[in-house]
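# Reading the structure
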Amino acid sequence: MASSLFASRKMPPKREETVTMSKIDFAKMGGLIPAIIQDHETNEVLMVAFMDEKTLSSTLETGKTWFFSRSRNKYWMKGEESGNTQDVVEVLTDCDYDSVVIKVKQNGPAACHTGNRSCFYTRWENGQWVEHSNPLFDPEEVYKK
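A brief report on the enclosed structure follows.

About the thresholds
Residues numbered from 1 in each chain as written. Predicted model: local features only at pLDDT ≥ 70, side-chain atom pairs only at ≥ 80, totals over all residues. Heavy atoms only, no water. Helix = DSSP H or I, 4+ residues; strand = E, 2+ residues; numbered from the N terminus. Buried < 20%, exposed > 50% of the residue type's maximum accessible area, 1.4 Å probe, protein only. Contact = heavy atoms within 4.5 Å. Areas by Shrake-Rupley, 256 points an atom, 1.4 Å probe, with all protein chains shown as cover. Polar contact = N/O pair within 3.5 Å; in protein donor to acceptor, adjacent residues only side chain to side chain. Arc of directions from axis to C-beta. 1 Å grid on protein atoms, 1.4 Å probe; cavity = no way out; pocket = protein on both sides within 12 Å on 5 of 7 lines; lining within 4 Å. Points joined across faces, edges and corners; volume = space filled by probe spheres on them. Nonpolar A, V, L, I, M, F, W, Y, C, P; charged D, E, K, R; others polar. Salt bridge = Lys/Arg side-chain N within 4 Å of Asp/Glu carboxyl O.

### Quick notes on the overall build of the protein
Check the secondary structure of the protein and you find three helices and eight strands. Moving toward the C terminus, one meets the helices and strands of the protein in the order α-β-β-α-β-β-β-β-β-β-α. In the protein, which comprises 145 residues, the proportion classed as buried is 34%. For the protein, long-range pairs separated by at least 24 residues make up 41% of all intrachain contacts whose partners lie at least 6 apart in sequence. Per element, the accessible surface of the protein, about 9,600 Å² overall, is 53% carbon and sulfur.

Structure below.
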């Protein structure tokens with residue numbers, strides 16, 4: 001019964017709109033937008049970073065993810081030190097044009113600087129944070145710090 005109700009409902013036509021880079025609202029958060037990085041096959045969230053207009057443009061032009069580090073106040077390409085680069089498969093923006101989701105092919109075992117596959121390996125359980133991952137590489141060896 002429910003399926004016939006939906007089958008008879010007329011859906012609006014799919015809307016396609018061309019959006020230029022200037023439509024992305026970098027001003028809302030002081031020149032930066034959050035970028036959620038997902039594995040393109042599993043949709044696992046690998047990391048969250050920040051982009052400005054320059055890094056988003058570099059990402060779109062090179063097909064590699066580029067970010068702005070707020071703590072180091074510098075531009076960086078994911079994997080420039082570790083070799084764990086990300087190939088861009090798809091870029092999406094939200095309805096307010098103030099954040100992006102970037103679906104990537106992760107090259108190398110891990111996206112996180114701690115050596116874990118994802119930056120999101122700590123879960124809230126029974127009143128405390130519990131880590132649920134083992135590093136796939138030794139960050140001290142890789143980053144020589």
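So much for the structure itself; the text now carries on.
### Overview of the side chain of S82
Among the secondary structure elements, S82 is positioned in the loop between β4 (74-77) and β5 (86-93). Reaching out from S82, the side chain makes a polar contact with the backbone nitrogen of N84 at a distance of 3.1 Å.

### With respect to helix α2 (residues 53-62)
Because an α-helix packs 3.6 residues into every turn, residues spaced three or four apart end up facing the same way. The set of residues buried in α2 consists of T55, L56, S58 and T59. Viewed end-on, α2 has its buried residues packed into an arc of 160 degrees, placing them on one side of the element. When the buried face of α2 is taken as reference, the exposed residues oriented beyond 90 degrees from it are K54 and E61. Looking at the buried positions of α2, the neighbouring elements they touch are β1 (33-39), β2 (45-51), β3 (66-69), β4, β5 and β6 (100-106). Just downstream of α2 lies G63, where phi reads positive at about 75 degrees.

### Regarding the environment of K103
By the element assignment, K103 lies in strand β6. Those residues within four positions of K103 in sequence are excluded, and the remaining contacts are Q38, H40, N43, D87, V88, V89, E90 and L92.

### Brief notes about the layout of surface pockets
Taken as a whole, the largest pocket encloses approximately 560 Å³ of empty space. What lines the largest pocket is a set of 24 residues, among which S69, R72, W76, K78 and H113 lie closest to the centre. Among the elements of the structure, β2, β3, β4 and α3 (139-143) are those that each provide at least two residues to the lining of the largest pocket. Class assignment of the residues belonging to the lining of the largest pocket gives a composition of twelve nonpolar, six polar and six charged.

### A look at the environment of I102
With respect to the secondary-structure elements, I102 resides in strand β6. According to the relative accessible area criterion, I102 is buried, its value standing at 0%. For the pair I102 and T59, spaced 43 residues apart in sequence, the C-alpha separation works out to 9.6 Å. Ignoring sequence-local partners within four residues, the contact set of I102 consists of I36, I37, Q38, M51, T59, T65, V88, E90 and V91.

### Thoughts on the pattern of salt bridges
Counted according to the given criterion, the structure contains six salt bridges. The residue R117 makes a salt bridge to E44 at a minimum N-O spacing of 3.4 Å. In this pair, R117 sits in the loop between β6 and β7 (122-125) while E44 sits in the loop between β1 and β2, placing the two residues 73 residues apart along the sequence. For E44, a relative accessible area of 31% corresponds to the partly exposed category.

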